[in-house]
Amino acid sequence: MKGETLTKVTCYHCGEPCADDHRVHDGKDFCCHGCQVVYDLLSEAGLCEYYSLEKQPGVKQESTADEQRLELFALPEVRERLVEFSEAGITRARFRIPQMHCSSCIWLLENLHRIEPSIIRSRVSFTDKELTITFREEKLPLQDLVKLMRRIGYGPQLTAGKDTGRADQVPRMLYIRLGVAGFIFGNTMLFSFPEYLGADGEADLRIGFQWLSALFSVPVVLFLSTDYFRAAWAGLRSRQVNIDQPIALGIVALWFRSLHDVISGAGPGYFDSLAGLLFFLLIGKWYQAHTYRALRFDRALEDFLPLVVLRKRGDAEEPARVANLVPGDRIVVRDQELVPVDAILREGTGHIDNSFITGEPLPVRKQPGDPIKAGGRQRGAAIELEVLRSFADSRLKRLWAEQSGAQERPAMPRLIDQVARRFTLAVLFIALGAGLYWWGKDASMIWPVVTAVLIVACPCALALSMPFAYGHTIRLLGKRGLFLRDAEVVERMAHVDAVLFDKTGTLTAREAHQVDWHGAKLARDAERRIAALARNSAHPLSVVLAEKLKKRVKEMREETDVKEVTEIAGQGIIGEVDGLPMRIGSADFTGGEEAARDAGEAHVHVSIGGVHRGHFTIRKQARSGIVEAVKRLGASLRVGLITGDHQVDPELAEVFPTESIRTRCAPDEKSEAVRVLQREGRRVLMVGDGLNDAGALAQADVGVTVTETTAALTPASDAIMDADSLQQLPHFLRVTRRARRIVLASLGISLLYNITGVSFAVAGQMTPLFAAILMPLSSVSVVGFVTVAVMLAARDR
């Protein structure tokens, strides 16, 4: 009696029955010492919230042979497969964690730093079942990190290497199951011919075929259906309802009912329907596998990412897209610019800030010959690098995508999650109600009706509508020059009702209309030094100045020694050129006095050797088509201009409302301008160049960086836009609003399908076999509708 009582108690940590090793600790039941240890570990770290997110979310602590092989993680070949970055005592490693299954798992794995202080940060990719951890390896060796993960029940799978390309492939076992299902379905249909043809005179033949059909049904249930049973059981263990549970219940109900009919002699059962059910369910699963593979837009879109870097061809420098870089190319990376690919430093001294990779902002000094990982940001004088790997191999896009976790999910994804969570529960209640109804009316119809209801009601179309619509939108916008970080950015863009623009480098083109010097005549040596210092900055005014002066001094071949370069946002750039301290920037920064300026004119002051020498005036012109684009935006949205310049070009001043133009804005004032609109209830889209407006981009609901360099890829960016595509911004916003309406329409189609299908099933007018055919067809119809609708919505109209 005592043993029976114990087996009814489940573990507080993992939900497994507490049997022989049952123990009570801290007023809670645990099935083993391992689960109790994990509870104590989480309790000491203040992480018991883990248990409030899901009921009994943990993984049972079981000893395996792998636990005796921690030394494997010290082997160079194993380390090479797991470690993506290791420098200055900070290491970033990526693990495959097949045990993660719910929101509690994600929450715990992304809070590992609260258990172990040596862990800097951890990020989960739930769809790939992968965990990326950045940690201080001098305090926490890789083997000890693995040991910690095993202690909490999330030991990494050692077989996962760096190449996860196989995750995109349809599993081979699915094809095997599909072939077996087709064979059994065809033969079971043949065995059922005597029933179909009404061969009453061949009773022995009919009975023999019925038993053959029963025999063929065994692999249908014990082999073809195992994935559904596993998923259903996993849901029950974690106290969650999922779509596989009604399917598994329907398969079991149909099989036992058919066995009962054959054994009792009541009839042939429904073995043909059962085999057909699994055959068409597996077809649906195969289709979904291809669909989800198509949803991995990030891999195909790397070619569209509009990042540009300076590539050296002899003595000349030319802009090149990062996707076109090949090993052996020489590239120039300036102050504040991102290293887009894995490379080797060839010229200059690197001061690499790896905060994009590790979260730690301390620069690491690099000398010629040292390797530099993609994602590092140069802080100082320009450096020359040799490309080691192509952009597709750099994982820069993955690093960028990891920055998106801080924002709250938009309303649409949260709504779909809630509906899908309650959908299966509603289906189970409808099936129960239908069974009770037919029990009182015609008992022979109970199992066909219940099974048809369980099978035909499918939230797959519901689950596919948003990711597929927004995924296609990302792909189509990417082809037009707007690259979004993830699908949820589409949803946020659809709600935008205010757009703020930065001016210099965003609305104005990099090509200067006119550059003039005001001050004592500059010697050629001075011009050469100014050009050399300006070349190290990615700021639009510095780029213009460097290009202009380079043309004047191109015949001079003297080497220029530039050291100790520092750029201060909103002020200017400082450095030592040929032993002379120099500053380029604002009047205050260089020790000069502000001079009168015309509208649309920028001033760049210069000091050499601590003496203010004068200033350049740079007249900028708006990008082609931008004036008309702002006019179109202003017709339906609130638009504004925030700039650090003292005045605004007349052509831009005409299209922005006077009260919405703010000049002389420091970087923090740009962020405040965004907050002011948000306090008014506005959804703000900020468009900038990523240099002096990173705070405003991060504060905005959607931050869009206009790019002509790699400096644009910052954690603050939700989207990156090719500078030549800025005039299409009104169209881009219109496409996102249309995409949202398409999602709503597809949800309506899915709802209509389910209501209609369940109605026919409850009425007894639909067989389980027909329900299984309809199930994948519903996904096909929704995906087809979404694909065509998004393509039409993306057209210019």
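Note that the structure is predicted; figures quoted are calculated from it, not measured.

A. Here's a closer look at the overall build of the chain. Each helix and strand in the chain was counted, giving 28 helices and 28 strands. Expressed as a percentage of the 797 residues in the chain, the buried residues total 52%. Entry remark: accessible area of the chain is about 35,000 Å², with carbon and sulfur atoms responsible for 55%.

B. Highlighting the packing of helix α17 (residues 446–456) against helix α27 (residues 729–762). Following both chains from N to C, one finds α17 and α27 inclined at 170 degrees, their axes separated by 8 Å at the closest point. In this view, α17 runs roughly antiparallel relative to α27, as classed from their interaxial angle. Residue-level inspection shows V449, A452, V453 and V456 of α17 in contact with α27, the latter providing Y753, N754, G757, V758, A761 and V762. Grouping the amino acids of the contact of α17 with α27 by side-chain chemistry returns 8 nonpolar, 2 polar and no charged.

C. Here's a closer look at the packing of aromatic side chains. What the rule picks out here adds up to 8 aromatic pairs. Aromatic side chains Y437 and W438 sit 5.5 Å apart centroid to centroid with 85 degrees between the ring planes, which places their arrangement in the edge-to-face category. What makes W438 buried here is its relative accessible area of 8%. Aromatic rings pair up to connect F183, F191, F209 and F216 into one cluster. Positioned over the ring face of F589 is R583, at 4.7 Å from the centre of the ring.

D. Representation of the nonpolar core in the model. Membership of the largest hydrophobic core comes to 52 residues, with the highest contact counts inside it found for L482, L484, V499, F501, L685, V687 and L729. If you tally residues by element for this core, the top one is α27, at 8 residues. With residues up to four places along the chain from it excluded, the contact list for L729 reads V499, F501, L633, L685, V687 and M721. Formed by 45 residues, the second largest nonpolar core is a distinct cluster that contains L224, A275, F279 and A434.

E. Highlighting the pairing of strand β4 (residues 90–96). For β4, the buried fraction is high: 6 of the 7 residues fall into the buried class. In this sheet, β4 lies alongside strand β3 (residues 83–87) in antiparallel orientation, the contact comprising 4 bridges. Looking at β4, one finds that F85 is bridged to R92. Adjacent in sequence and paired antiparallel, β3 and β4 are bridged by 2 residues, among which A88 carries a positive phi angle near 50 degrees. In this sheet, strand β6 (residues 130–136) lies alongside β4 in antiparallel orientation, the contact comprising 7 bridges. In the strand pairing of β6, A93 is matched with I133.

F. Broad picture of helix α7 (residues 172–191). Helix length check: α7 (20 residues) gives 29 Å between terminal C-alpha atoms against 28 Å at 1.5 Å per residue, within 8%. Taken together, the buried positions of α7 are L174, R177, L178, A181, I184, F185, N187, T188 and F191.

G. Inspection of the packing of helix α19 (residues 487–494) against α27 at higher detail. Axis separation between α19 and α27 bottoms out at 8 Å; the angle between their running directions is 100 degrees. The pairing of α19 with α27 is recorded here as roughly perpendicular in orientation. The residues of α27 that touch α19, namely those facing V490, E491, M493 and A494, are L733, T736, R737, A739 and R740. Of the residues in the contact of α19 with α27, the class split is 5 nonpolar, 1 polar and 3 charged.

H. A look at the environment of F271. You can see F271 is positioned in helix α12 (residues 271–294). Looking at F271, the relative accessible area reads 3%, which means it is buried. Apart from residues lying up to four places away in sequence, F271 is in contact with T188, Q210, S213, A214, S217, W255, S258, L259 and V262.

I. Representation of the pattern of salt bridges. As enumerated under the stated definition, the model contains 24 salt bridges in all. Between K312 and E384 there is a salt bridge, with the nearest N and O atoms lying 3.3 Å from each other. Taken as a pair, K312 in strand β7 (residues 308–313) and E384 in strand β15 (residues 383–387) lie far apart in primary sequence, 72 residues in all. Relative accessible area serves as the criterion here: at 22%, K312 is assigned to the partly exposed category. Salt bridges linked by common partners bring E84, R92, R94 and E130 together as one network.

J. How the structure looks around the sheet that holds β15. Ordered in space as β8-β7-β9-β15-β10-β13, the 6 strands form an open sheet in which the pairing is antiparallel. Bordering the open sheet on either side are β8 (316–321) and β13 (371–372), each of which pairs with just one other strand. Bridge count for strand β9 (residues 330–333) against β15 is 4 bridges, and the pairing is antiparallel. Within the sheet, the bridge partner assigned to I331 lies in β15 and is L385.

K. Local environment of the side chain of R311. By the element assignment, R311 lies in strand β7. Looking at R311, its side chain comes within polar contact range of the side chain of D329, at 3.4 Å. Once you skip the residues sitting within four places of it in the chain, R311 turns out to touch A316, E317, E318, A320, N324, L325, D329, R330 and I331.

L. Main features of the pairing of strand β5 (residues 119–125). Within β5, 6 of the 7 residues are buried, which leaves the element mostly enclosed by the surrounding structure. In the sheet, β5 pairs with β6 via 6 bridges, with the strands oriented antiparallel. If you follow V124 over to β6, its bridge partner there is L131.

M. Geometry of the sheet that holds strand β19 (residues 562–568). With antiparallel pairing, 6 strands are arranged side by side in an open sheet as β18-β23-β22-β21-β20-β19. The sheet is open, and its two edges are formed by β18 (514–519) and β19, each paired on a single side. Here the average twist between neighbouring strands, direction ignored, is 15 degrees. In terms of strand pairing, strand β22 (residues 601–608) meets strand β23 (residues 611–619) through 8 bridges, oriented antiparallel. Within β23, the residue paired with I608 across the bridge is V611.

N. Quick look at unusual backbone geometry. Phi is positive for D578, close to 50 degrees, though the residue is something other than glycine. Summarising the element assignment, D578 is placed in the loop between β20 (572–577) and β21 (580–585). Its relative accessible area of 28% is what places D578 among the partly exposed residues. In this structure, R664 takes a positive phi of about 55 degrees despite not being glycine. Within the secondary structure, R664 is located in the loop between β25 (661–662) and α25 (667–679). The exposure class assigned to R664 is exposed, which follows from its relative accessible area of 54%.

O. Spatial organisation of the confidence of the model for the chain. Per-residue pLDDT for the chain has a mean of 77; in total, 78% of the residues score no lower than 70. The least confident element of the chain, judged by mean pLDDT, is helix α1 (residues 2–7) at 41; the most confident is strand β17 (residues 498–501) at 92. With pLDDT under 50 throughout, residues 63–68 is counted as low confidence; its partners more than four residues away or in other chains account for 3 contacts. Scored below 50 in pLDDT, residues 160–168 makes 16 contacts in the model with residues more than four places away or belonging to other chains.

Reading guide: rules and limits
Residues numbered from 1 in each chain as written. Predicted model: local features only at pLDDT ≥ 70, side-chain atom pairs only at ≥ 80, totals over all residues. Heavy atoms only, no water. Helix = DSSP H or I, 4+ residues; strand = E, 2+ residues; numbered from the N terminus. Buried < 20%, exposed > 50% of the residue type's maximum accessible area, 1.4 Å probe, protein only. Areas by Shrake-Rupley, 256 points an atom, 1.4 Å probe, with all protein chains shown as cover. Axes fitted to C-alpha atoms, helices over the stretch in contact; angles between N-to-C directions. Parallel < 35°, antiparallel > 145°, perpendicular 65-115°, else oblique. Contact = heavy atoms within 4.5 Å. Nonpolar A, V, L, I, M, F, W, Y, C, P; charged D, E, K, R; others polar. Phe/Tyr/Trp six-rings, centres within 6.5 Å; stacked < 30°, edge-to-face > 60°. Lys NZ or Arg CZ within 6 Å of the ring centre and 35° of its normal. Core = buried A, V, L, I, M, F, W, Y, C linked by side-chain atoms within 4.5 Å. Pairing = 2+ DSSP bridges. Expected span 1.5 Å × (residues − 1). Salt bridge = Lys/Arg side-chain N within 4 Å of Asp/Glu carboxyl O. Polar contact = N/O pair within 3.5 Å; in protein donor to acceptor, adjacent residues only side chain to side chain. pLDDT = per-residue confidence, 0-100.

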